[in-house]
Amino acid sequence: MGLVNNKENVSLSNNYFIKTLGHRYYLSDLKYKNIVFEPYELSTEEYQILKKFNGTKNIKEIEKIIKNKELFKLLVEDLIRINALDFSNKKREFIKSLEKPQLYDVHLEFESKCNMNCSHCYQSKYLNTNEKFALKNIKKFADELNKLNVVKIALSGGEPFLRKDLKEICSIFKKAGIKVDCIFTNGVLIREEHISWLKDESIHIFISLDGGTPKSHGSLRNIPLKNQNQIFEKVVSNIKKLKKRGVITKINTCIHQDNIGGLGKMYSLMKDLKID
């Protein structure tokens, strides 16, 4: 093909897995960087081709046994483009098959503590109970999700960034072959050291911003009037830092009586911030 080193045996690189859910096939990337949620869904024919990328043959040897040469060429070009191929003669098991149950993704609320007291929060009666998901239990949970062939997970609380071991928690899921897709947060506690590893691991951030002004945002969160400007500016500042470093950043908004008249202003703010 002229695109790859044909002498080396080829396999998928370590960030990629093929997961099957019933009769659907997914090329799952543990570090995907775009804003599209879904991993690459494979056709049956693409899946049968990729099964051969297991480190036992080189590209030319695989090409010889594939009937649809054009599909093979396009698929290899796509895999090269996303750095999904490894040419190191390394054998690798990368296919996880499961018929039932079929669980594609999970949203995990793993922390009860929160630094806010939002009036609309459905978790209010469970917050700040000192109950949390211990690391040993998160490890067991990740292993169970791996057995169920889960593709991705979203993390929330409470407030996830109250956990000093948040990076380690994300690492646990990654080691289990599960992509940490996003973290839900109120955006107040994000620091520079967080932004570095969020960028490295291509984790998306969902920030709750409930208005384009300190008052409209603060009223829903029961923030004292004297602190509303400070909190609002902190959240906006952290959004700017995330965007500057290339972390995909999205906004969750709850429409309520104190912000519904200012949605135009909020839209302008999000446009200025280049929200994803």
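Below or above, wherever it landed, is the structure these notes cover. (Residues numbered from 1 in each chain as written. Predicted model: local features only at pLDDT ≥ 70, side-chain atom pairs only at ≥ 80, totals over all residues. Heavy atoms only, no water.)

Points about the packing of aromatic side chains
Scanning the entire structure with this criterion turns up 5 aromatic pairs. Here the aromatic rings of Phe-53 and Phe-72 are separated by 6.1 Å at their centres, their planes lie at 35 degrees, and the arrangement is tilted. Taken as a pair, Phe-53 in the loop between helix H1 (44-50) and strand E5 (54-58) and Phe-72 in helix H3 (residues 69-81) lie far apart in primary sequence, 19 residues in all. Across the pair, Phe-72 and Phe-53 agree in class, each one buried. Aromatic side chains Phe-184 and Phe-206 sit 4.8 Å apart centroid to centroid with 5 degrees between the ring planes, which places their arrangement in the stacked category. Placement of Phe-184 in strand E10 (residues 179-185) and of Phe-206 in strand E11 (residues 204-208) is noted, with a sequence separation of 22 residues between them. A relative accessible area of 12% places Phe-206 in the buried class. (Phe/Tyr/Trp six-rings, centres within 6.5 Å; stacked < 30°, edge-to-face > 60°. Helix = DSSP H or I, 4+ residues; strand = E, 2+ residues; numbered from the N terminus. Buried < 20%, exposed > 50% of the residue type's maximum accessible area, 1.4 Å probe, protein only.)

A short note on the sheet that holds E5
What the 3 strands build is an open sheet, ordered E5-E1-E6; its pairing is antiparallel. Lying at the two open borders of the sheet, with one neighbouring strand each, are E5 and strand E6 (85-86). Where strand E1 (residues 9-12) lies against E5, 2 bridges are found, and the strand directions are antiparallel. Bridging from a neighbouring strand, Asn-9 pairs with Asn-58 of E5. (Pairing = 2+ DSSP bridges.)

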